[in-house]
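# Structural features, examined
Here are the chains, one letter per residue:
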Amino acid sequence: MAVTGSDLHVAKEFLIKGELVAIPTETVYGLAGNALNEKAVLSIFEAKNRPAFDPLIIHTDSIEKAAIYVADIPEKARVLADRFWPGPLTLLLPKKDIVPDLVTSGLDTVAVRIPNHPLTLELLSQLSFPLAAPSANPFGYISPTKPEHVEKQLGDRIPYILDGGECEVGIESTILGFENDETIVYRLGGLDINEIESLIGPVVLMPHSTSDPKAPGMLKSHYAPRKPLHLYRRDEIVPGDAETGYLMFDKYLEGADRKYQRLLSPNRDLKEAAHNLFAYLRELDALPVSEIKAELVPSSGLGLAINDRLQRASVPA
Ligand code: AMP
Ligand code: MG
């Protein structure tokens, strides 16, 4: 069974031995291993039951260290890195040979991020290798935003969970790639797209595919609770039978039991809504309900990423 604690030395020793440690970040908890050690990377895929065609993000604590693993940092990428790192930004950059193909699922780009969490930044600064870390959840299920989420689902598969409290942002990083002068958004996430566009000009949104290995990260069904999830606009949502859970944006639904409702943000704050999203989905999933009804949030800024997660969570696996 995993031990949960905040001892960096212990975390470091496991990682050096090639074992896995769950690490806190500002987005979600990651399942980390030495990105340069193929055995460690393989065990990440195994522990999560993640298909080998879905590549991993590598984490470092400085742009200088990131440069060891990538062949080039285009100007737009550098502008974004300077502004948003450490933070919920992942950049797809041409990889150097030192990064195992297993990490990138054979692609010639590697996903790189500097996460913004003091414990994990300190851990990374003490390591001589980057950490490959996908979200610390079984593949396809809701991402973990608290140590106990990791404990419940992967506790019997890893030795240590580094406890850094609740994840501040609560949804995954925004993933951007650069092709022929275009900036492509591979995954909406913790950054506001408007803010990105104000720095580097217009970006292109990549549509989701079903299971096309050439377009990883874009799986249609993901982040899903076990119970069926149905999405509604506020004016469409009506109470179901007694065995229904409700994920509402700012106000309770009249005529339905409040015990079975969660409000993402009573103040209509999209940051707060993102922070609560996955934890509340888990809570609703654990209630004695047979389905979950969720209200879509306003689709601007972070709301785009929240609705993206809700949409994918509502597609049966
Ligand atoms: P996770 O860390 O669980 O949030 O998953 C990492 C995400 O990054 C997945 O959606 C991957 O498909 C995506 N990703 C990682 N590397 C690449 C890459 N080289 N090209 C496109 N997407 C990537
Ligand atoms: Mg994930």
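Residues numbered from 1 in each chain as written. Chains lettered and ligands numbered in written order. Predicted model: local features only at pLDDT ≥ 70, side-chain atom pairs only at ≥ 80, totals over all residues. Heavy atoms only, no water.

## What to know about the pairing of strand β3 (residues 30–34)
Among the five residues in β3, five count as buried, and that is most of the element. In this structure, strand β2 (residues 21–23) lies alongside β3, joined through three bridges in antiparallel fashion. Bridge pairing links Ala 22 to Leu 31 in β3. What sits between the antiparallel neighbours β2 and β3 is a turn of six residues. Here β3 pairs with strand β7 (residues 131–132) via two bridges, running antiparallel. (Buried < 20%, exposed > 50% of the residue type's maximum accessible area, 1.4 Å probe, protein only. Helix = DSSP H or I, 4+ residues; strand = E, 2+ residues; numbered from the N terminus. Pairing = 2+ DSSP bridges.)

## Brief notes about the sheet that holds strand β13 (residues 244–248)
What links the strands of a sheet is backbone hydrogen bonding, and the strands pair in either a parallel or an antiparallel sense. Spatially, four strands are ordered β12-β15-β13-β14 in an open sheet, and the strand pairing comes out parallel. Strands at the two margins of the open sheet, each flanked by one partner only, are β12 (229–232) and β14 (261–263). Averaged over all pairs of adjacent strands, the angle between their axes in this sheet comes to 15 degrees, without regard to strand direction. Sheet analysis places β12 next to strand β15 (residues 291–295), joined by four bridges and oriented parallel. Residue pairing for β15: Leu 229 is matched across the bridge by Ile 292. Packed onto the sheet, helix α9 (residues 270–286) meets β12, β13, β14 and β15 and runs at close to 170 degrees relative to β13. The sheet contacts of helix α10 (residues 302–313) involve β12, β13 and β15, and relative to β12 the element is tilted by about 135 degrees. (Axes fitted to C-alpha atoms, helices over the stretch in contact; angles between N-to-C directions. Contact = heavy atoms within 4.5 Å.)

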